[in-house]
Amino acid sequence: QAAVSLIRDKDMVFLDVSTSNLAIAELLMKSDRDLTVVTNMVDVLGVLARNPRIELIFAGGQINRGRDGFWGGMTQEFIRRLKPDIAFVGAVGVDVKENSVSTYDIEDGINKAAIIRVSKRAYVVAEARKLSSDGNYNYVTLDTLSGLITDPRPAPDICQAAEDYGVDIILPQID
């Protein structure tokens, strides 16, 4: 919900391969907003295809069956031509103190980095447990992001480190 609140009507939104982005897609599917959504994740495509108000664009390429999405040169070439208003990317690990965001697959990381580069605003969406885990391929530094969306509020030292890098930590609103 915190991620969806950042999306404006008529935005071009990029949702990469991520279980968090699948949850965002489920929320967008129920919305009545006019959006363009670009994705390279098969499950996101399946969910959003049911909403006629969402213009849906799929970034194909070489399939990664284990990650339920597409990557590789064709996918990256397509991404490079886009100018999304906002992008949400997943992560295996976020090390705020080391200014790094990581994943396991190099090709996945290259896709994510390309998406962040071309987007006007880019956010990593990661459960709090990922703030203490790490992948083996650093694909971006935190200070290149618009923010980090997580839940619950991280420890004060993590919040301070994020603030030092100019990264907003965005939390869900509690009703």
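Residues numbered from 1 in each chain as written. Predicted model: local features only at pLDDT ≥ 70, side-chain atom pairs only at ≥ 80, totals over all residues. Heavy atoms only, no water.

### Some points on the sheet that holds strand β11 (residues 147–149)
- In space, the seven strands of this open sheet follow the order β3-β2-β1-β6-β9-β11-β12, with parallel pairing throughout. Bordering the open sheet on either side are β3 (54–58) and β12 (168–170), each of which pairs with just one other strand. Strand-to-strand, the axes of this sheet are offset by a mean angle of 20 degrees, without reference to chain direction.
- Note: strand β1 (residues 12–15) against strand β6 (residues 86–89), three bridges, orientation parallel. Residue pairing across strands places F14 opposite A87, the latter belonging to β6.
- Those strands touched by helix α4 (residues 106–118) are β1, β6 and β9 (121–125), and its axis lies near 155 degrees from that of β6. (Pairing = 2+ DSSP bridges. Helix = DSSP H or I, 4+ residues; strand = E, 2+ residues; numbered from the N terminus. Axes fitted to C-alpha atoms, helices over the stretch in contact; angles between N-to-C directions. Contact = heavy atoms within 4.5 Å.)

### Overview of the packing of helix α3 (residues 73–80) against α4
- Interhelical geometry of α3 versus α4 gives an angle of 10 degrees and a closest axis separation of 9 Å. Looking at the two axes, α3 sits roughly parallel to α4. Counting all contacts with α3, which are made through T75, Q76, I79 and R80, the residues of α4 involved are E107, I110, N111, A114, I115 and V118. (Parallel < 35°, antiparallel > 145°, perpendicular 65-115°, else oblique.)

### A short note on the pattern of salt bridges
- Following the criterion strictly, the structure yields ten salt bridges and no others.
- Among the ionic pairs, D11 bridges to R121, the shortest N-O distance being 3.3 Å. One end of the pair, D11, is in the segment before β1; the other, R121, is in strand β9, and 110 residues separate them in sequence.
- Exposure remark for D11: the relative accessible area of 5% places this residue in the buried category.
- For R121, a relative accessible area of 15% translates into the label buried.
- Here R81 and E77 are joined by a salt bridge, their closest N and O atoms 2.8 Å apart.
- Through salt bridges with shared partners, a single network forms among K10, D34 and R53. (Salt bridge = Lys/Arg side-chain N within 4 Å of Asp/Glu carboxyl O. Buried < 20%, exposed > 50% of the residue type's maximum accessible area, 1.4 Å probe, protein only.)

### A look at the environment of K112
- With respect to the secondary-structure elements, K112 resides in helix α4.
- With relative accessibility at 2%, the residue K112 sits in the buried group.
- It is 9.7 Å that separates the C-alpha atoms of K112 and V124, two residues lying twelve residues apart in sequence.
- With near-sequence residues (within four places) excluded, K112 lies in contact with D16, V17, V89, G90, T103 and Y139.
- In this structure the side chain of K112 is engaged in a polar contact, spanning 3.1 Å, whose partner is the backbone oxygen of V17. (Polar contact = N/O pair within 3.5 Å; in protein donor to acceptor, adjacent residues only side chain to side chain.)

Don't take any of this as a statement about function, it's just geometry.
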